[in-house]
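# Geometric and topological summary
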Amino acid sequence: MPVQKMDFKISIYCSKCKVAIFRAIAKLEGIDQVMIDGEKGMVTVIGEVDPVRVATQLRKVRPAIIQSVGVYKPPEKKEEKKDEKKDEKKVEKKEEKKDEKKEEKKEHHALPACCNHCNGQTIVFADPVQGCTIF
């Protein structure tokens with residue numbers, strides 16, 4: 001079986017959900033890489049494993065939908081040419097990236113530690129009137 005890239009749509013409410021999803025996937029053999037994006041609710045799995053088995057494991061934790069399945073092509077490494085102009089551009093880009101990372105850190109919202117979905121909390125309304133309520 002060739003190495004495949006699988007994308008799943010899943011609801012991720014908190015960091016505890018994220019850990020539960022990761023643990024469910026980690027039980028499978030043949031997985032090379034797992035990427036979980038909590039903001040988008042996407043799980044990307046790369047490896048030699050059946051997508052249906054991955055979806056089954058994910059559905060044990062949360063409802064999951066298979067978005068896409070395809071052959072994984074690793075990114076090709078490009079040879080770097082040693083020119084002064086390119087070195088100067090790289091330095092400028094690095095400085096810009098540092099500024100962007102600082103801005104992203106400010107805007108990044110972390111997932112809460114736990115949510116009601118993970119705790120399994122239920123709300124029960126008790127009737128304060130005791131006895132017969134038929135009139």
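Overview of the structure. Residue positions within a chain follow its written sequence, with the count starting from 1. In view of the model being predicted, local features appear only for residues whose pLDDT reaches at least 70, and side-chain atom pairs are presented and counted only at 80 or more, with totals across whole chains, interfaces and linings using the full set of residues. Water and hydrogen atoms play no part in the side-chain values, which are based on all heavy atoms of the structure.

The helix count covers DSSP runs of H or I at least four residues long, the strand count covers runs of E at least two residues long, and both are numbered beginning at the N terminus. When you go through the protein residue by residue, the secondary structure sums to four helices and four strands. When the helices and strands of the protein are read in sequence order from the N terminus, they spell out β-α-β-β-α-β-α-α. Using a 1.4 Å probe on the protein chains alone, a residue whose accessible area is under 20% of its type maximum counts as buried, one over 50% counts as exposed, and one in between counts as partly exposed. Expressed as a percentage of the 135 residues in the protein, the buried residues total 21%. In this description, contact between two residues means that some pair of their heavy atoms is separated by no more than 4.5 Å. Look at the contacts in the protein between residues 6 or more apart in sequence, and 73% of them connect residues 24 or more apart.

Turning next to helix α2 (residues 51–59). Every buried residue belonging to α2 is among P51, V54, A55, Q57 and L58, and all of these are buried. Viewed along the axis of α2, the buried residues span an arc of 160°, placing them on a single side of the element. Against the buried residues of α2 lie β1 (4–10), α1 (15–26), β3 (42–47) and β4 (64–71). Directions pointing from the helix axis toward each C-beta atom define the arc.

Moving on to the sheet that holds β3. Pairing between strands is defined by DSSP: at least two bridges between the two strands are required. As summarised here, the arrangement of the four strands in space is β2-β3-β1-β4, forming an open sheet in which the pairing is antiparallel. The sheet is open, and its two borders are formed by β2 (31–37) and β4, each paired with just one other strand. Mean inter-strand twist for the sheet, computed between neighbouring axes without regard to direction, equals 15°. Of the strand pairs in this sheet, β2 and β3 are connected by six bridges, and their pairing is antiparallel. Within β3, the residue paired with V34 across the bridge is V45. Helix axes are fitted to C-alpha atoms over the stretch in contact, other axes to C-alpha atoms as well, and angles between N-to-C directions run from 0 to 180 degrees.

Turning next to the environment of T44. Note on placement: T44 falls in strand β3. The exposure class assigned to T44 is buried, which follows from its relative accessible area of 12%. For the pair T44 and S68, spaced 24 residues apart in the sequence, the C-alpha separation amounts to 9.5 Å. Beyond its immediate chain neighbours, meaning those up to four positions away, T44 contacts K5, M6, D7, Q33, V34 and M35. As used in this structure description, the phrase polar contact means that two N or O atoms lie within 3.5 Å; if the pair is within protein, one of them must be able to donate a hydrogen and the other to accept it, and residues adjacent in sequence are counted only when both atoms belong to side chains. At a separation of 2.9 Å, a polar atom in the side chain of T44 contacts the side chain of D7.

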